[in-house]
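# Architecture at a glance
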Amino acid sequence: SPPCLIIDHELDEMSGLDLVTQFQNQHGRFPFIVVTHRGTVDLAVEAMKMGAMNVLEIPVDFGKLISAVKQGLQLDEERRRKEDQCSQFADRFRAL
């Protein structure tokens, strides 16, 4: 799965959240940031329920974007570390 995805909500053929749903169905949950020209409370709530790190309006405040990306990368690193630990534990358990 991607370490952190930045997605524009206004895509040509589907919404950014629809694309995230497709990615999540294939790769599981992962950190993502939504950028949009038309931010609404409903969009923000839906995105956060799906696991968005943040919803930012265009033009994007790059300080907020960098902060959200750093947070997303940290979460991804922690998730991958936990997955590795679980895998190692499962390997040890099978070896018993």
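For the structure itself, consult the block above.
Residues numbered from 1 in each chain as written. Predicted model: local features only at pLDDT ≥ 70, side-chain atom pairs only at ≥ 80, totals over all residues. Heavy atoms only, no water.

Glancing now at helix α2 (residues 41-50). Along α2, the residues that are buried comprise L43, A47 and M50. Axial view of α2: buried residues confined to an arc of 60°, hence all on one face. Turned more than 90 degrees off the buried face of α2, the exposed positions are V41, D42 and K49. Packing partners of the buried residues in α2 comprise α1 (16-27), β2 (32-36) and β3 (52-57). (Buried < 20%, exposed > 50% of the residue type's maximum accessible area, 1.4 Å probe, protein only. Helix = DSSP H or I, 4+ residues; strand = E, 2+ residues; numbered from the N terminus. Arc of directions from axis to C-beta. Contact = heavy atoms within 4.5 Å.)

For the rest of this paragraph, the subject is the pairing of β3. With five bridges connecting them, β2 and β3 associate as parallel partners. Of the residues in β3, the one forming a bridge with I33 is N54. Assessed by its sense of winding, the connection that carries the chain from β2 through α2 to β3 is right-handed. (Pairing = 2+ DSSP bridges. Right-handed = clockwise from strand over helix to strand, strands pointing away.)

This part is about the sheet that holds β3. Strand pairing within a sheet occurs via backbone hydrogen bonds; the two strands may be parallel or antiparallel. In space, the three strands of this open sheet follow the order β1-β2-β3, with parallel pairing throughout. One side of each edge strand has no neighbouring strand; the edge strands of this open sheet are β1 (5-8) and β3. When the angles between neighbouring strand axes are averaged without regard to direction, this sheet yields 20°. Strand direction decides the pairing type here: β1 and β2, joined by four bridges, are parallel. Paired with L5 across the bridge in β2 is F32. Against the sheet, α2 makes contact with β2 and β3, and its axis sits at roughly 155° relative to β3, the strand it touches most. Against the sheet, helix α3 (residues 62-95) makes contact with β1, β2 and β3, and its axis sits at roughly 165° relative to β3, the strand it touches most. (Axes fitted to C-alpha atoms, helices over the stretch in contact; angles between N-to-C directions.)

A separate point is the pairing of β2. In terms of residue burial, β2 counts as a mostly covered element, since five of its five residues are buried. Burial along β2 is two-sided: the face carrying F32, V34 and T36 and the face carrying I33 and V35 are both buried. In the classification by handedness, the crossover that spans β1, the intervening α1 and the parallel β2 is right-handed.

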